[in-house]
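Each chain is listed here by its residues.
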Amino acid sequence: EYSGVVKSMLHALKFKGNSSLMHHINNIILAEIEKHAITCDSITCVPIEKKNNWKRGFNQSQLMAKGLAKSLHISFQNLLKINKNYKNQKELSYSHRFIAIINKYSMEKNIDLSGKSILITDDVFTTGATLNECARILKESGARTVTTISLARVRKIV
């Protein structure tokens, strides 16, 4: 659940730049991957807005994905990019998030996913709209399967 220690860890990582927490975060996620016997050919992440990447100096979901890829001896690939002129999801209601995110993402160029199994990471699962849209793009681009994993899940969205 996105509360308590987990929420504090993510805030320290995202807003205070405490990247030393990535080791602990990845251990939590690795345990879930093993528990659920998740396998994949490649790992990717949800991209973030360039301004957020510039402010923080990193994409926390990408740090997670790269750490997991290294631990699992699987390749990491930047597969998705954000298209321009999209509204921030934070300010939208639950139902509006699913509509506003359509076509927010697209594939990076010259990537063949035919028959591949992809694992996509995100730090927080809020409504599922972002991961759902990313998975749709990956499937439309030929991925055989897309599995998603997040460190935390928001309990309720109003």
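So, a few notes on the structure that sits alongside this text. (Residues numbered from 1 in each chain as written. Predicted model: local features only at pLDDT ≥ 70, side-chain atom pairs only at ≥ 80, totals over all residues. Heavy atoms only, no water.)

**As for the packing of helix H2 (residues 22–35) against helix H4 (residues 60–72)**
Inclusion rule: Where helices are involved, their axes are fitted lines through C-alpha atoms of the stretch in contact, as for all axes, and angles between N-to-C directions lie from 0 to 180°. Secondary structure elements follow DSSP: runs of H or I of four or more residues count as helices, runs of E of two or more count as strands, with numbering from the N terminus. By the definition adopted for this analysis, an angle is roughly parallel if under 35 degrees, roughly antiparallel if over 145, roughly perpendicular if from 65 to 115, and oblique otherwise. By definition, any crossing whose near helix is turned counterclockwise from its far helix by less than a right angle is left-handed, and any crossing with a clockwise turn is right-handed. What makes two residues a contact is simply this: any of their non-hydrogen atoms within 4.5 Å.
For the pair H2 and H4, the least separation of the axes is 10 Å and the interaxial angle reads 60 degrees. Considering the angle they form, H2 stands oblique to H4. Crossing of H2 against H4: the hand is right-handed. Here H2 contributes Met-22, Ile-25, Asn-26, Ile-29, Leu-30 and Ile-33 to the contact with H4, which in turn contributes Gln-60, Leu-63, Met-64, Gly-67, Leu-68, Ser-71 and Leu-72.

**A few points about the environment of Gly-115**
Going by this rule: Three labels apply to residues, based on accessible area from a 1.4 Å probe with only protein chains included: buried if under 20% of the type maximum, exposed if over 50%, partly exposed otherwise in between.
Within the secondary structure layout, Gly-115 lies in the loop between strand S4 (105–107) and strand S5 (117–125). Here Gly-115 falls in the partly exposed class, since its relative accessible area comes to 43%. A C-alpha to C-alpha distance of 9.6 Å links Gly-115 and Lys-139, two positions 24 residues apart in sequence. Beyond its immediate sequence surroundings of up to four residues, Gly-115 is in contact with Asp-41, Gly-142 and Arg-144.

**Some thoughts on the pairing of strand S6 (residues 145–153)**
Defined as follows: For two strands to pair, DSSP has to find at least two bridges joining them.
Bridging between S5 and S6 involves eight bridges; their strand directions are parallel. Directly across from Phe-125, in S6, lies its bridge partner Arg-153.

**Side note on the environment of Leu-72**
Summarising the element assignment, Leu-72 is placed in helix H4. Looking at Leu-72, the relative accessible area reads 27%, which means it is partly exposed. Considering only alpha carbons, one finds Leu-72 and Ile-33, 39 residues apart in sequence, at a separation of 9.8 Å. Beyond its immediate chain neighbours, meaning those up to four positions away, Leu-72 contacts Leu-30, Ile-33 and Ile-43.

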